[in-house]
Amino acid sequence: MIPYFDPPVLRIGPFTISLFSTLVLLAVVVGAIVARRFASRSGLDTAVNERLVWWTVVGGFLGAHLVDRLAYFPRETLRDPLSLLQVWKGISAYGGFAGGVIGIVLFLRRESLHPYTWHHIDSIAYAFPFGWVVGRLGCFVAFDHPGTATGFFLGQTYRDGVVRHNLGLDEAIFTAFVVGLFVLLSRRSRRPGFFVGLLAVLYAPARFLLDFLRIGDARYLGLTPVSY
């Protein structure tokens, strides 16, 4: 079992840098590097690919924050609508997925990637699990997604003294396997859109099942939009 621990923070004057925020930033950097390498290896225009990555990232963070505020804290948001502009306070993974897709669609309306549209989108899908592992390790150290009580050997003692699933760690472990599979499969040329489809098939069911282990989240019809 993993004992409970408070993640370290670095204070520089009025600024506080948490390990969680550092790992989230590192996740973006890792994902961007992997996407660029995938694009270069595939013979794509890396400058165009970099612009697509940043449209995806910006759209993802905006969507993540808006869904967090509107789906999880609607009353607080009505009392303080300016919190919608404080994008550093509260993010939702599902909102991030939706916002990232919207960012991609807007980019495609702005710049035509034909006939390499799906090649570029594949670079995003391929890079996603690489960055997601790092980001999920940030959730692990913050232990901000406690799950149900467990006897799992990687369960962690929560602040209430109960050994629980640390869902950030659980998902990081699963995503690490996805990374390994993607690396193996990328050794051969694949049809455009291959990694987009494979990511959806692998990640969506696993995430859906893990969400049932969550505690303390707002639920709609028994399901949770999941705040991150």
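Right above here is the structure, for reference.
Note that this is a predicted model, so its numbers are computed, not measured.

**Student:** Got a sec to walk through a nonpolar patch on the surface? Specific residues and values, please.
**Tutor:** Among the surface-exposed residues, Leu10, Ile12, Phe15 and Ile17 lie close enough to one another that they form a single nonpolar patch of about 400 Å² accessible area. Of all the secondary structure elements, the ones that give two or more residues to the nonpolar patch are strand S1 (9–12) and strand S2 (15–18). Summarising the element assignment, isoleucine 17 is placed in strand S2.

**Student:** Report on the packing of helix H2 (residues 46–72) against helix H4 (residues 93–110), specifying residues and quantitative values.
**Tutor:** Remark: H2 packs on H4, axes separated minimally by 6 Å, with the N-to-C direction vectors making an angle of 140°. By the angle between their directions, the pair H2 and H4 is classed as oblique. Judged by the sense of rotation from one axis to the other, the crossing of H2 with H4 is right-handed. Contacts from Val48, Arg51, Leu52, Trp55, Thr56, Gly59, Gly60, Gly63, Ala64 and Val67 in H2 reach Gly95, Gly96, Gly99, Gly100, Gly103, Ile104, Leu106, Phe107 and Arg110 in H4. Class assignment for the residues of the contact of H2 with H4 results in eight nonpolar, nine polar and two charged.

**Student:** Talk me through the pattern of salt bridges; I want residue IDs and the actual numbers.
**Tutor:** This structure, assessed with the given rule, holds seven salt bridges. Where glutamate 171 meets arginine 136, a salt bridge forms, and the shortest distance between an N and an O atom there is 3.3 Å. Linking glutamate 171 in helix H6 (residues 167–185) with arginine 136 in helix H5 (residues 117–142), this pair joins segments that are 35 residues apart in sequence. Here the two residues glutamate 171 and arginine 136 agree in accessibility, since each one is buried.

**Student:** Outline the environment of arginine 207, supporting the account with residue identities and numerical values.
**Tutor:** As for its placement among the helices and strands, arginine 207 is situated in helix H7 (residues 194–211). Judged by its relative accessible area of 2%, arginine 207 falls in the buried class. Polar side-chain contacts of arginine 207 include one of 2.6 Å to the side chain of tyrosine 203.

**Student:** Give a description of the packing of aromatic side chains that names residues and reports values.
**Tutor:** Geometrically, a pair of aromatic rings is defined through the distance of the ring centres and the angle of the planes. Taken as a whole and judged by the stated rule, the model has 20 aromatic pairs. Plain terms: the ring middles of phenylalanine 128 and tyrosine 203 are 5.9 Å apart, the flat faces sit at 75° to each other, and that makes the pair edge-to-face. Residue phenylalanine 128 is located in helix H5, and its partner tyrosine 203 is located in helix H7; the two are separated by 75 residues in the primary sequence. Relative accessible area serves as the criterion here: at 21%, phenylalanine 128 is assigned to the partly exposed category. When the ring of phenylalanine 152 is compared with that of phenylalanine 153, the centres are 5.1 Å apart and the planes differ by 70°; the resulting orientation is edge-to-face. Feature note: the residues Phe38, Tyr126, Phe130, Phe182, Phe194 and Phe195 constitute an aromatic cluster, connected by ring pairs. Note that arginine 41 overlies the ring of tyrosine 126, its terminal NZ or CZ placed 5.8 Å from the centroid. One Lys or Arg, arginine 190, reaches over the ring of phenylalanine 194 and ends 5.2 Å from the middle of that ring.

Cut-off values and rules
Residues numbered from 1 in each chain as written. Predicted model: local features only at pLDDT ≥ 70, side-chain atom pairs only at ≥ 80, totals over all residues. Heavy atoms only, no water. Patch = residues over 30% accessible without salt bridge, like charges linked within 9 Å, V, L, I, M, F, W, Y side chains within 5 Å. Areas by Shrake-Rupley, 256 points an atom, 1.4 Å probe, with all protein chains shown as cover. Salt bridge = Lys/Arg side-chain N within 4 Å of Asp/Glu carboxyl O. Helix = DSSP H or I, 4+ residues; strand = E, 2+ residues; numbered from the N terminus. Axes fitted to C-alpha atoms, helices over the stretch in contact; angles between N-to-C directions. Parallel < 35°, antiparallel > 145°, perpendicular 65-115°, else oblique. Left-handed = near helix turned anticlockwise from the far one by under 90°. Contact = heavy atoms within 4.5 Å. Nonpolar A, V, L, I, M, F, W, Y, C, P; charged D, E, K, R; others polar. Buried < 20%, exposed > 50% of the residue type's maximum accessible area, 1.4 Å probe, protein only. Polar contact = N/O pair within 3.5 Å; in protein donor to acceptor, adjacent residues only side chain to side chain. Phe/Tyr/Trp six-rings, centres within 6.5 Å; stacked < 30°, edge-to-face > 60°. Lys NZ or Arg CZ within 6 Å of the ring centre and 35° of its normal.

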